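Listed below are the residues making up each chain.
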Amino acid sequence: MDTGGRKPGGRPTREQAAAIDARIVDGARAVFCRKGVANSGLEEIATELGVSKHTLYRRYPNKAALLEAVVGRDVGRFRDALLSAAAGEGRALDALRRAAFRYVEIGSSRDYAAFYLSVSAEAAVSPALRERLASWSRDALEPLVGFVAAAQGAGELRPGDQASVSGILIDLLEGVNNRIRLGDDGLGDEGTAGGLSLLGLFEERWAVFITAFGSS
């Protein structure tokens, strides 16, 4: 009988509760990736994880709450990855470039694409989810806006609205991601797409960005 990780007759420890939460979020994300958000239900997720419906519903009363937990964790990890990539010596523009390349590395992965394309598909027909997705995106991409502002402040990028400049950079980077994760020329065993490496595809877009916004 599933006890949700607690000792018989007692409540789970903090560590046990955290492990249960992580297991549920991991499992829910996997189901969302495989079946799509719209086609996934809490009872199915509970069954696949081998936990009781009570264990799941006690933590997440509905699918929206569970999706919030899944995406919230992803957003935190994504932000940390951008910040870690940017850390180090060099110009502010170098930090922006490192963070931008990390964006491409994460965004072009099949796992990332499967999940967020599923969320985007449901958001297209759900105004509430569409609004929430926009908020998640702003939170996830806030570090890039900050790096753009720092590069502008250092005179390494032309002045301008940081959010707009960052948005254009993201559009360019998404061109790389879409070519790899949606196109017929996805990355092969040697990390190439259409004869170019992931780095090569990134460098093409970065050069366009610098031509448009680099300081003269």
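Source: prediction; values computed, not measured.

S.K.: Can you lay out the side chain of R59 for me, pointing to particular residues and giving the numbers?
M.R.: Looking at the secondary structure, you find R59 in helix α3 (residues 53-59). In contact with R59, other than residues within four places in its own chain, are A17, I20, D21 and I24.

S.K.: Break down helix α4 (residues 63-86) for me, citing the residues and quoting the values.
M.R.: In this model, α4 (24 residues) spans 35 Å end to end at C-alpha, consistent with the 34 Å of a helix rising 1.5 Å per residue. Burial in α4 covers these residues: L66, L67, V70, V71, R73, D74, V75, F78, A81, L82, A85 and A86. Against α1 (14-35), α2 (42-49), α5 (92-107), α6 (110-123) and α7 (127-153) lie the buried residues of α4. Within two residues after α4, G88 carries a phi angle of roughly 135°, on the positive side.

S.K.: Please give an account of the side chain of S108 that cites residues and values.
M.R.: With respect to the helices, strands and loops of the structure, S108 is situated in the loop between α5 and α6. Using a relative accessible area of 8% as the deciding quantity, one classes S108 as buried. Among the polar contacts made by the side chain of S108, one reaches the main-chain carbonyl oxygen of V104 at a distance of 2.8 Å. Discounting residues that sit within four places of it in the chain, S108 has contacts with N177, I180, R181 and L198.

S.K.: Which residues make up the layout of surface pockets, and what values do they have?
M.R.: Space inside the largest pocket adds up to approximately 630 Å³. Forming the boundary of the largest pocket are 28 residues, of which Y103, Y112, Y116, S137 and A140 lie nearest the centre. Elements represented by at least two residues in the lining of the largest pocket include exactly α4, α5, α6, α7 and α8 (162-181). Looking at the lining of the largest pocket, the element that brings in the most residues is α7, giving nine residues. In terms of residue class, the lining of the largest pocket is built from 16 nonpolar, four polar and eight charged. Lining the second largest pocket we find V37, K63, A64, L67, E68, E122, A128, L129, R132 and W136.

Rules used throughout
Residues numbered from 1 in each chain as written. Predicted model: local features only at pLDDT ≥ 70, side-chain atom pairs only at ≥ 80, totals over all residues. Heavy atoms only, no water. Helix = DSSP H or I, 4+ residues; strand = E, 2+ residues; numbered from the N terminus. Contact = heavy atoms within 4.5 Å. Expected span 1.5 Å × (residues − 1). Buried < 20%, exposed > 50% of the residue type's maximum accessible area, 1.4 Å probe, protein only. Polar contact = N/O pair within 3.5 Å; in protein donor to acceptor, adjacent residues only side chain to side chain. 1 Å grid on protein atoms, 1.4 Å probe; cavity = no way out; pocket = protein on both sides within 12 Å on 5 of 7 lines; lining within 4 Å. Points joined across faces, edges and corners; volume = space filled by probe spheres on them. Nonpolar A, V, L, I, M, F, W, Y, C, P; charged D, E, K, R; others polar.

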